[in-house]
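Understanding the architecture of this molecule
Read off the chains here:
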Amino acid sequence: MTERAASETGDALLLTPGPLTTSKSVKAAMVHDWGSRDQAFIDINRRVLESIAQIAGASKTHVTVPVQGSGTFAVEAMIGSFVPRDGKLLILVNGAYGERAMKICEVIGRACITLESPEDTPPAPEDVSAILTADPSITHVFAVHCETTSGILNPIKEIADAVAAAGRRLLVDSMSAFGALPIDAADVPYDALAASSNKCLEGVPGLGFVICRKTALVETDGNPHALVLDLKAQHDALEKSGQYRFTPPIHVIVALEQAITEHEDEGGVAGRGGRYTNNCKVLVEGMRAMGFETLLPDELQAPIIITFHMPEDPAFEFKRFYDSLAERGYLIYPGKLTVADSFRIGCIGRLDENHMQGALQAIAEVLNEMGVTQTGPRKAAA
Ligand SMILES: Cc1ncc(COP(=O)(O)O)c(C=O)c1O
């Protein structure tokens, strides 16, 4: 067996779509204490929020509003704050995160309708236009940038243009794409975009954030369904005193500042996206060379997480495959699809081409150990 792979801190490599492998320096930033109302922390927090708006190309038009919690807290805060109580949301669904937005609307009492497409098919912008023309009561549209369920890249610019042309407002879930795939606010009109600390910015989990158009945020009074998820109140408090209304995840925010410095040093979105694109290419080519098939054609694949069809060989057992890779220091992800039996391998986080090559070698070894020779797609059960 090849030597167990490890991160800079000796941990297993997370080939998952976040939480992901972070650098040693990001983790090291957390070994201190800060007072949440002390100026040192207030300054760090302000720099973090400003840097996020800069990464989005949104400094002039938008502000970053942090939300304590995971990414879903930010998505729920975005929907609850921006969609008025008598508004209506069109949700573009081609995976679990579009479905989650439906669930949020159901729980918080917002009217919604969906445009659904299969998990391997992006929503068609012309269908969005047609629905918006036919239903004038729709006030907002919700789109997922990279639908992490499959790894598909949705056509966010074309969707944004269709929404703007119809005079409606766009809310974007860019959770697994922000920081690695371009979405420039000057070019892609949106009222709000949600993401989090622990995806392509390569921070640790614990902070969601919503990049909010200033002119839209001021109109949200009376909309929110929850005190803690009120983006305008959160923003107003931070503007007034620099302080959070409720205890912030201080260590997460300090680590995020270090992660953002490393993001800048890597060349920002282009640099980070370039490394992930190369990781994705190495992984896909290597897996195809072993006979595996990807769910998506290359032109729909985002360089974030790749879905592979489960091999047809009866000797292939996912649990054993997972455990044997974990023993070798590589943690992968089960599939989340309804259309096909699959598993997923992420290519984001503090990983490079060498890690991908190592993972491929480990996969080859494990297949050999299991006696798997037929790696083509398993036929769907009749
Ligand atoms: C596109 C997308 N939206 C939302 C989420 C939810 O984020 P969290 O699990 O941090 O709540 C995820 C998580 O992977 C995601 O990929």
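Refer to the structure presented above.
The structure contained in this document is the topic of the report that follows. (Residues numbered from 1 in each chain as written. Predicted model: local features only at pLDDT ≥ 70, side-chain atom pairs only at ≥ 80, totals over all residues. Heavy atoms only, no water.)

Before going further, it helps to spend a moment on unusual backbone geometry. The residue after Gly 18, namely Pro 19, is reached through a cis peptide bond having omega 0 degrees. Within the secondary structure, Pro 19 is located in the loop between strand S1 (13-14) and helix H1 (24-28). (Helix = DSSP H or I, 4+ residues; strand = E, 2+ residues; numbered from the N terminus.)

Under the counting rule described, the total for this entry stands at 11 aromatic pairs. Consider the rings of Phe 321 and Phe 343, whose centres lie 5.3 Å apart with planes at 65 degrees: the pair is edge-to-face. Taken together, the residues Phe 321 in helix H11 (residues 318-327) and Phe 343 in strand S14 (residues 342-346) connect sequence positions 22 residues apart. There is no split in this pair, since Phe 321 and Phe 343 are both buried. Taken together through their ring pairs, the aromatic side chains of Phe 292, Phe 308, Phe 316, Phe 318, Phe 321, Tyr 322 and Phe 343 make up a single cluster. (Phe/Tyr/Trp six-rings, centres within 6.5 Å; stacked < 30°, edge-to-face > 60°. Buried < 20%, exposed > 50% of the residue type's maximum accessible area, 1.4 Å probe, protein only.)

The environment of the ligand is made up of Ser 70, Gly 71, Thr 72, Tyr 97, Arg 100, Val 144, Cys 146, Thr 148, Asp 173, Met 175, Ser 176 and Lys 199. At 2.6 Å from an oxygen atom of the ligand is found a side-chain nitrogen or oxygen belonging to Ser 70. Contact with the protein chains covers 86% of the free accessible surface of the ligand, which is 390 Å². Mapped by element, the contributors of at least two residues to the shell around the ligand are helix H3 (71-82) and helix H4 (96-108). Class assignment of the residues belonging to the shell around the ligand gives a composition of 4 nonpolar, 5 polar and 3 charged. (Near = heavy atom within 4 Å. Polar contact = N/O pair within 3.5 Å; in protein donor to acceptor, adjacent residues only side chain to side chain. Areas by Shrake-Rupley, 256 points an atom, 1.4 Å probe, with all protein chains shown as cover. Nonpolar A, V, L, I, M, F, W, Y, C, P; charged D, E, K, R; others polar.)

As enumerated under the stated definition, the model contains 23 salt bridges in all. For Glu 266, the salt bridge is made with Arg 272, and the minimal N-O distance between the two is 2.7 Å. Residue classification places Arg 272 among the buried positions, given a relative accessible area of 0%. Here the residues in one salt-bridge network are Glu 202, Glu 266, Arg 272, Arg 275 and Arg 350, joined through shared partners. (Salt bridge = Lys/Arg side-chain N within 4 Å of Asp/Glu carboxyl O.)

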